[in-house]
Amino acid sequence: RSVGYAHQKELVKASVPYELPSVLEAATAILMHHAREGERLFGDAPWIYTRCQEVVDGYPVLVGGFSSGGLHISHLRSVYSHDHIGVPCCRKF
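Read on for a plain summary of the structure. (Residues numbered from 1 in each chain as written. Predicted model: local features only at pLDDT ≥ 70, side-chain atom pairs only at ≥ 80, totals over all residues. Heavy atoms only, no water.)

**Here's the deal with the pattern of salt bridges**
Under the defined criterion, the tally for this structure stands at one salt bridge. Between Glu37 and Arg36 there is a salt bridge; the shortest N-O distance is 3.2 Å. (Salt bridge = Lys/Arg side-chain N within 4 Å of Asp/Glu carboxyl O.)

Structural data, given as structure tokens:
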């Protein structure tokens, strides 16, 4: 967290065989972890999001802010603040 998307993307690329998650991969992993463990990853206290591979209107899609109201998916600039947006990696097989 606390760094821009371009830097995060480079960190992931340097970590072969990993890649940025797709929106579907991120949402599935977050929801399956909650179903199995009862824990909300990328939650709302504090607000935490992951950037994904998909880009809409020039912004990477965000997944996170998982609260009792559900999982938030957005590409809006209004939720952008580097301090609460990270990027996990997906292992390529």
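**Brief notes about the nonpolar core**
Formed by Val23, Ala26, Ala27, Ile30, Cys52, Val61, Val63 and Phe66, the largest nonpolar core amounts to eight residues. Broken down by secondary-structure element, the contributors of at least two residues to this core are α2 (23-37) and β3 (59-67). For this core, the element with the most residues is α2, which contributes four residues. Aside from chain neighbours lying at most four places away, what touches Val63 is Val23, Ala26, Ala27, Ile30, Ile48, Tyr49, Thr50, Cys52, Leu71, His72 and Ile73. (Core = buried A, V, L, I, M, F, W, Y, C linked by side-chain atoms within 4.5 Å. Buried < 20%, exposed > 50% of the residue type's maximum accessible area, 1.4 Å probe, protein only. Helix = DSSP H or I, 4+ residues; strand = E, 2+ residues; numbered from the N terminus. Contact = heavy atoms within 4.5 Å.)

**Describing the environment of Thr50**
Mapped onto the fold, Thr50 is located in strand β2 (residues 49-56). Expressed as a C-alpha distance, the spacing of Thr50 and Leu62, which sit twelve residues apart in the sequence, is 5.5 Å.

**Overview of the sheet that holds β2**
Taken in spatial order, the four strands of this open sheet run β4-β3-β2-β5, and their pairing is mixed. Here the strands that pair on one side only, and so sit at the sheet edges, are β4 (70-74) and β5 (85-86). For β3 and β4, the ladder comprises four bridges, and the chain directions are antiparallel. Bridging from a neighbouring strand, Gly64 pairs with His72 of β4. (Pairing = 2+ DSSP bridges.)

**Concerning the environment of His34**
Along the chain, His34 turns up in helix α2. Spatially, the C-alpha atom of His34 lies 9.8 Å from that of Phe66, the residues being 32 residues apart in sequence. Residues within four places of His34 in sequence aside, it is in contact with Glu39, Arg40 and Phe66.

**Quick notes on α2**
Along its 15 residues, α2 runs 21 Å from first to last C-alpha, staying within 8% of the 21 Å computed at 1.5 Å per residue. Within α2, the full set of buried residues consists of Val23, Ala26, Ala27, Ile30 and His33. Viewed end-on, α2 has its buried residues packed into an arc of 135°, placing them on one side of the element. Facing away from the buried side of α2 by more than 90 degrees, the exposed set consists of Leu24, Met32, Ala35 and Arg36. For α2, the elements touching its buried residues are β2, β3 and β4. A positive backbone phi angle near 75° is found at Gly38, which sits one or two residues after α2. (Expected span 1.5 Å × (residues − 1). Arc of directions from axis to C-beta.)

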